[in-house]
Amino acid sequence: MEKTRILIIGATGNLGYHIAKASINASHPTFTLVRDSSFSDTLKRHKLHSLSDAGAIILKGSLEDERSLVEALTKVDVVICAIPSKQVLSQKNLINAIKLLGSIKKFIPSEFGLDPDKVQISGMDNDFYSRKAEIRRIVEAQGIPHTYICCNFFMSYLLPSLVQPGSKTPPRDKVTIFGDGNVKGVFVNEIDVAAFTISAVDDPRTLNKAMYLRPAGNVYSMNELVEDWENKIGKELNKLYVSEEQLLTRIKETPYPQNMELIFIYSAFIKGDQTYFDIESSGGVEGTQLYPHLNYTTISQFLDTLLKTSVPELKSQE
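Conventions used here
- Every chain begins its residue count from 1, and numbering advances along the sequence as written.
- With the structure being a predicted model, the display of local features is reserved for residues of pLDDT at least 70 and the display and counting of side-chain atom pairs for 80 or more, all residues being used for whole-chain, interface and lining totals.
- Side-chain numbers come from the whole structure's heavy atoms, not from hydrogens or water.
- We define a salt bridge as a contact between a side-chain nitrogen of Lys or Arg and a carboxyl oxygen of Asp or Glu at a distance within 4 Å.
- Elements are defined by DSSP. Helices are runs of H or I of four residues or more, strands are runs of E of two residues or more, and each kind is numbered from the N terminus.
- A simple rule labels every residue: compare its accessible area, found with a 1.4 Å probe on the protein chains alone, to the largest value its type can have, and call it buried under 20%, exposed over 50%, or partly exposed in between.
- Only buried Ala, Val, Leu, Ile, Met, Phe, Trp, Tyr and Cys residues count toward a nonpolar core, and they belong to the same one when joined by side-chain atoms within 4.5 Å.
- The contact criterion used is simple: two residues touch if any of their non-hydrogen atoms lie within 4.5 Å.

S.K.: Any details on the pattern of salt bridges? Residues and values, ideally.
M.R.: Side chains that carry opposite charge are capable of pairing whenever their charged atoms lie near each other. By the definition in use, this model includes 17 salt bridges. A salt bridge links Asp77 to Arg5; the shortest N-O distance between them is 3.0 Å. A residue pair is termed long-range when its members are at least 10 positions apart, and Asp77 in the loop between α3 (66-73) and β4 (78-81) and Arg5 in the segment before β1 (6-9) qualify at 72 residues. For Asp77, a relative accessible area of 11% puts it in the buried group. Ionic pairing is found between Asp173 and Lys235, a salt bridge with its closest N-O pair at 2.5 Å. Pair noted here: Asp173 is in the loop between β7 (153-154) and β8 (174-178) and Lys235 is in the loop between α7 (222-233) and β12 (238-242), with a separation of 62 residues, a long-range link. By relative accessible area, Asp173 is classed as partly exposed at 47%. Residues joined by salt bridges that share partners form a network here, namely Glu111, Asp115, Asp117, Lys118, Arg136, Arg137 and Glu140.

S.K.: Now, about the nonpolar core: what can you tell me, with residues and values included?
M.R.: With 38 residues, the main nonpolar core has Phe187 and Leu247 as its most contacted residues. Breaking this core down by element, the ones donating at least two residues are α5 (128-141), β8, α7, α8 (244-253), α9 (260-269) and α11 (299-309). Broken down by element, the residue count for this core peaks at eight residues, all from α9. Setting aside anything within four residues of it in sequence, one finds Leu247 in contact with Phe178, Val242, Leu262, Ile265, Tyr266 and Ile270. Core analysis: the second largest hydrophobic core is formed by 32 residues, Ile19, Phe112, Val201 and Tyr291 among them.

Here's what the structure looks like:
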């Protein structure tokens, strides 16, 4: 059987690049739609050369150019969009082109985070999730076959600091814990998100559903996260607990967009937006249950990598 042909939009981004690599590794004929400006960016150009050398076909175009969109869509069966969150509404042109052509078997829009229909922070997030929800409603209204990928947090976000806003490295002396520290959040490595996404492409069990990623080794409360880190560094940290009310005050006092990190923490570790609902009863499917053969990086394994990059500073012996 011929392998499904996949078009990836946003392949020069971090997640999009991993998705393109995963598509190639799974032997799918892989196409990317790329702006002309990407070739003048050193990092993006390097990624495109890497993908091209691996077998991807690079197509020039953009979401604003309907002609290039339709031309690209005629070459593929499935479309995966991995553009930045701020640009998600630009998918409207893509949806129109998919509807116009009528031959695309599945569209995976740019979500790759929390389920925008499940978050409980309406009015706080500067329309971050409402834009994604708007795209869902358009896809559904147009009757376009789809799969939504709800992977929760990427491991590259918040986890390197042990969920310490404004910090890039994990704490060695004191740590801030939000709420009572018992609400669980989810982190998944971007490379693993890409592998699960490509696995869902041809799977009828994911058609017109949301596929969530809640790997067993990646669902942690802040208390569990701190305890695991303490065990790894062999030291107990001084803990400062910040209540929901205190966090809400900090969110209000911090200007946008600097407050978004705090808002995401509030959503995940106070409201429990990543874990408060049952996936099956909500009509979704869970990726690690569908594809138990796929290996993934656990939080504990990721924390092991932080041990090497967060060596405590040597104190002066003067």
